[in-house]
Amino acid sequence: MASILVTGGAGYIGAHTARLLLEERHDVQVFDDLSKGYAHNVPKGRLHIINLHDTASLEALFATHHFDAVIHFAAFIAVGESMQEPERYFRNNVGGSVALLEMMRRHRVRRLVFSSTAAVYGDPETTPIPEDAPLRPKNPYGESKLMVERILEWLDRTSGLRSVSLRYFNACGAEPRYGIGEEHQPETHLVPLILRAVRTGEPLTVFGGDYPTPDGTCIRDYIHVSDLAEAHVRALEHLLDGGGSGVFNAGTGRGYSVLEVIRAAEKATGMPVPFRYGPRREGDAAALVADSSKLKKTLNWKPQYETLEAMVGTAWEFEQHRRRV
Ligand code: UFG
């Protein structure tokens, strides 16, 4: 059993990971400023409402708890917003991470799992994308995550901080055991928007039908949030066992087009998904599919969810549960 701090643990992926860590009998503390996350996502007594820039509160937290490792989710994640307000993204995602890293050093916490993103690749030349593909973010969000990855590389060299960065592809779904799920404000992600269209009858806009893909819509690698949470636990165990730093893609290696996601949602819900085509969304790559063989081999990770229909089915279950409570 280890003592773990989860930053951003009231958010979608952070909350799933914190719950899994608790199930695996780790001692977990969560901090989150609740600017995006929800207190109801965190089990009672474990949430500290703190902002990364609040050094005094952060100091108090580190002074009263000994942490063996930190899993760092707290960040802004909206690609479009990062184009409008880049300074805010760099201050929060990079500046906030540096503040956390300074605190970790002061309190001799030497292990970190960092949530990075496929957005570090920009428009990839090859797909599936290996970790050593060129890194050319197309937006401040991706750039901010890449900057933190690079800081972590330097800290590995200079101060012995051991870290694992997981470059997420498209997280989706919900863990039925936890009763939590994806609920961003405003919602920009495909799966919850599809389910909203099912529920309300208000058509989804498909961003572009003229991409160079078989059906003309964008292809993404959808990974179930529980499988992603599991990848964090594997990364953590690797570091706690004395493993070295590394960067890993986290996806399933299978790409699905927007139309395929719509079809999977129709099967999972048994209802039609109303949609219409709109223009392309600025900054969208045609296809992003992970080569996750390194994660599978090195961290012995295997995704449990094999079909998109099953993944979307869990999101639908959450959606219905949310309406009932
Ligand atoms: N899409 C639509 N209509 C919508 C919303 C999305 O057609 O209303 C399409 C997008 O064009 C894209 C796909 O659905 O092709 C998935 O879009 P999401 O917004 O759900 O996810 P992204 O692939 O844009 O972004 C995800 C993460 C980001 C991360 C990025 C890495 O949410 O945090 O992958 O590429 F940076």
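Residues numbered from 1 in each chain as written. Predicted model: local features only at pLDDT ≥ 70, side-chain atom pairs only at ≥ 80, totals over all residues. Heavy atoms only, no water.

Caption draft 1: The arrangement of the overall build of the protein chain in detail. A tally of helices and strands in the protein chain yields ten helices and 14 strands. Dimensions of the protein chain, computed from the C-alpha atoms along their principal axes, are close to 55 × 45 × 40 Å. A buried classification covers 54% of the 325 residues belonging to the protein chain. The long-range fraction of contacts in the protein chain, counting pairs at least 24 apart against all pairs at least 6 apart in sequence, stands at 77%. (Helix = DSSP H or I, 4+ residues; strand = E, 2+ residues; numbered from the N terminus. Buried < 20%, exposed > 50% of the residue type's maximum accessible area, 1.4 Å probe, protein only. Contact = heavy atoms within 4.5 Å.)

Caption draft 2: Spatial organisation of the pattern of salt bridges. Applying the stated criterion across every chain, the model contains 17 salt bridges. Residues Arg 88 and Glu 85 are paired through a salt bridge, measuring 2.8 Å at the closest nitrogen-oxygen approach. With relative accessibility at 31%, the residue Glu 85 sits in the partly exposed group. Its salt-bridge partner being Asp 284, residue Arg 281 comes within 3.2 Å of it at the nearest N-O pair. For Arg 281, a relative accessible area of 39% gives the class partly exposed. Here the salt bridges do not stand alone but share partners, grouping Glu 23, Glu 175 and Arg 177 into one network. (Salt bridge = Lys/Arg side-chain N within 4 Å of Asp/Glu carboxyl O.)

Caption draft 3: Spotlight on the packing of helix α6 (residues 190-200) against helix α8 (residues 258-269). One way to put it is that α6 packs onto α8 with a least axis distance of 10 Å and a crossing angle of 50°. By the angle between their axes, α6 is oblique relative to α8. In this structure, the crossing between α6 and α8 has a hand that is right-handed. Where α6 approaches α8, its residues Leu 190, Val 191, Ile 194, Leu 195 and Val 198 are matched on the opposing element by Val 258, Val 261, Ile 262, Ala 265 and Thr 269. Tallied by class, residues from the contact of α6 with α8 come to nine nonpolar, one polar and no charged. (Axes fitted to C-alpha atoms, helices over the stretch in contact; angles between N-to-C directions. Parallel < 35°, antiparallel > 145°, perpendicular 65-115°, else oblique. Left-handed = near helix turned anticlockwise from the far one by under 90°. Nonpolar A, V, L, I, M, F, W, Y, C, P; charged D, E, K, R; others polar.)

Caption draft 4: Main features of the site of the ligand. The full set close to the ligand counts 22 residues, and His 189, Leu 190, Thr 205, Arg 281 and Asp 284 are the nearest of them. Take Asn 170: an N or O atom from its side chain is 2.9 Å from an oxygen atom of the ligand. Within the side chain of Asp 284, one N or O atom sits 2.6 Å away from an oxygen atom of the ligand. Breaking the shell around the ligand down by element, the ones donating at least two residues are α6 and β8 (204-207). Among the elements that take part in the shell around the ligand, β8 stands out by supplying four residues, more than any other. Residue composition of the shell around the ligand, grouped by class: 14 nonpolar, five polar and three charged. Summarising the domain contributions, the shell around the ligand has at least three residues from each of domain 1 (3-172 + 223-250) and domain 2 (190-220 + 253-324). (Near = heavy atom within 4 Å. Polar contact = N/O pair within 3.5 Å; in protein donor to acceptor, adjacent residues only side chain to side chain. Domains from an automatic or database assignment.)

Caption draft 5: Region of the structure containing helix α5 (residues 140-159). With 20 residues, α5 extends 27 Å between its outermost C-alpha atoms, agreeing within 8% with the 28 Å of an ideal straight helix rising 1.5 Å per residue. Within the sequence span of α5, burial applies to Pro 140, Tyr 141, Gly 142, Ser 144, Lys 145, Leu 146, Val 148, Glu 149, Leu 152 and Leu 155. Buried-residue contacts for α5 involve α3 (79-84), α4 (86-106), β5 (111-117), β6 (162-168) and β11 (246-250). Within two residues after α5, Gly 160 carries a phi angle of roughly 75°, on the positive side. (Expected span 1.5 Å × (residues − 1).)

Caption draft 6: Spotlight on the sheet that holds strand β14 (residues 287-288). On the basis of which strands lie adjacent, the open sheet formed by three strands has the order β12-β9-β14 and mixed pairing. With partners counted over all chains shown, the strands left at the sheet margins are β12 (256-257) and β14, one partner each. Pairing geometry for strand β9 (residues 219-220) and β14, over two bridges, is parallel. The residue of β14 that forms the bridge with Ile 219 is Ala 287. (Pairing = 2+ DSSP bridges.)

Caption draft 7: Representation of the domain arrangement of the protein chain in the model. Taken as a whole, the protein chain is organised into domain 1 (3-172 + 223-250) and domain 2 (190-220 + 253-324). Every contact between the two is made by 27 residues of domain 1 and, on the other side, 24 residues of domain 2. The largest contributions to the domain 1 side of the interface with domain 2 come from His 224, Asp 227 and Phe 248, which together make up 25% of the buried area. Put simply, domain 1 and domain 2 have zero salt bridges between them. Along the contact surface separating domain 1 from domain 2 lie ten residue pairs in polar contact (both at pLDDT 80 or more). The leading source of residues in the side of domain 1 that touches domain 2 is helix α7 (residues 225-240), at seven residues. In the side of domain 1 that touches domain 2, the residues fall into 14 nonpolar, seven polar and six charged. (Buried area = accessible area lost by both parts, 1.4 Å probe.)

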